[in-house]
Amino acid sequence: MDEINKTEIVLIPKTVNLNNLKNFRPIILCTVIYKIIAKVVANRLQNVLDDCIDDAQSAFVPRRLISDNVLLAYEILHSFKNKRSRRRGFMALKLDMSKAYDRVEWPFLKGMMSKMGFAELFIDSILRCINSVHYSILINGEEGLDFKAMRELRQGDLLSPYLFLFCGEGLLALMKLASQERNICGAKVCRSSPTITHLMFADDCILYEEVTNRGINAIKDILMEYEVCSGQCVNFEKSTAFFSSNVIDRDKDLACQVLKVRCSTDPVKLFGASK
């Protein structure tokens, strides 16, 4: 398996000023045999994703469209703009996960798949695909020394998008638990509509909550717990909060200060915050 899982990394510049490794995007070159194995396993996963992945996740799941979540998000943000009553103010917290695939902890992934009911033999086979890999970096066409990773999902691996969905289920489980315990209340488009607490777009997500001290601190605690368990890290520089029209500036500043995010006044830019 070691030779099959030999992987070469090519660094592609993302910016003109290349003074830091963050300015490069790593491209993974896997062997053809491994791609065949990964494709077979990915096809098996596709058959069960619709049953085990929450409806709030629409990316990479067969028979679901990511545009559905986008339309729903815009409807909620439109209702935020039209709120005039000062009784209850709401916020939409757009989160960007820093190096999302690179920070996935393998024990966390194994635990999530086990909780979902996957067979231990199948889980071990998938973990073998991701933890047996050894890398080498191509620099000016020359291959460097081999090394192994202790965590992460490979960019370009056919399994990675599906496995990241399982990691996202950890955050959704925390949001659901907080909602059941009434620590968060989410938001509604209108009185008769269902409550929405979260929507996910691949490695980005939007959390909805009432602008209160309890709600803000509950969201903060959820994010901290998710980071500790999964290894994920919120990129606060690219994360943004959008507030309903009835939220006063003082409450906006307090929420942004507690959550360490930027305030946005344009709902369209909320989706472009990570670009």
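Just so you know, these numbers come straight off a predicted model, no measurement behind them.

**Topic: the packing of aromatic side chains**
Then step 1. Counted according to the given criterion, the structure contains seven aromatic pairs.
Then step 2. Between Phe108 and Tyr226, the aromatic rings sit 6.4 Å apart at their centres with planes inclined by 75°, giving edge-to-face as the arrangement. Of the two residues, Phe108 is situated in helix H3 (residues 106-115) and Tyr226 in helix H6 (residues 213-230); the sequence distance between them amounts to 118 residues.
Then step 3. Ring-pair connections join several aromatic residues into one group, and the members of that group are Phe80, Phe90 and Tyr208.
Then step 4. Lying over the aromatic face of Tyr34, Arg154 brings its terminal NZ or CZ to 4.4 Å of the ring centre.

**Quick word on the sheet that holds strand S3 (residues 90-96)**
Then step 1. Read across the open sheet, the five strands follow the order S7-S8-S3-S9-S10; overall the sheet is mixed. The open sheet terminates on both sides in strands that have one partner only, identified here as strand S7 (198-201) and strand S10 (262-264). The mean inter-strand angle of the sheet, taken between neighbouring strand axes irrespective of direction, is 25°.
Then step 2. The pairing of S3 with strand S9 (residues 240-243) spans four bridges and is classified as antiparallel. By the bridge assignment, Met91 is partnered in S9 with Phe243.
Then step 3. Sheet contacts for helix H2 (residues 66-81): S3, S7, strand S8 (204-210) and S9; angle to S7, the most-contacted strand, approximately 135°.
Then step 4. Here H6 sits on the sheet in contact with S3 and S8, set at roughly 150° to S8.

Rules behind the numbers
- Residues numbered from 1 in each chain as written.
- Predicted model: local features only at pLDDT ≥ 70, side-chain atom pairs only at ≥ 80, totals over all residues.
- Heavy atoms only, no water.
- Phe/Tyr/Trp six-rings, centres within 6.5 Å; stacked < 30°, edge-to-face > 60°.
- Helix = DSSP H or I, 4+ residues; strand = E, 2+ residues; numbered from the N terminus.
- Lys NZ or Arg CZ within 6 Å of the ring centre and 35° of its normal.
- Pairing = 2+ DSSP bridges.
- Axes fitted to C-alpha atoms, helices over the stretch in contact; angles between N-to-C directions.
- Contact = heavy atoms within 4.5 Å.

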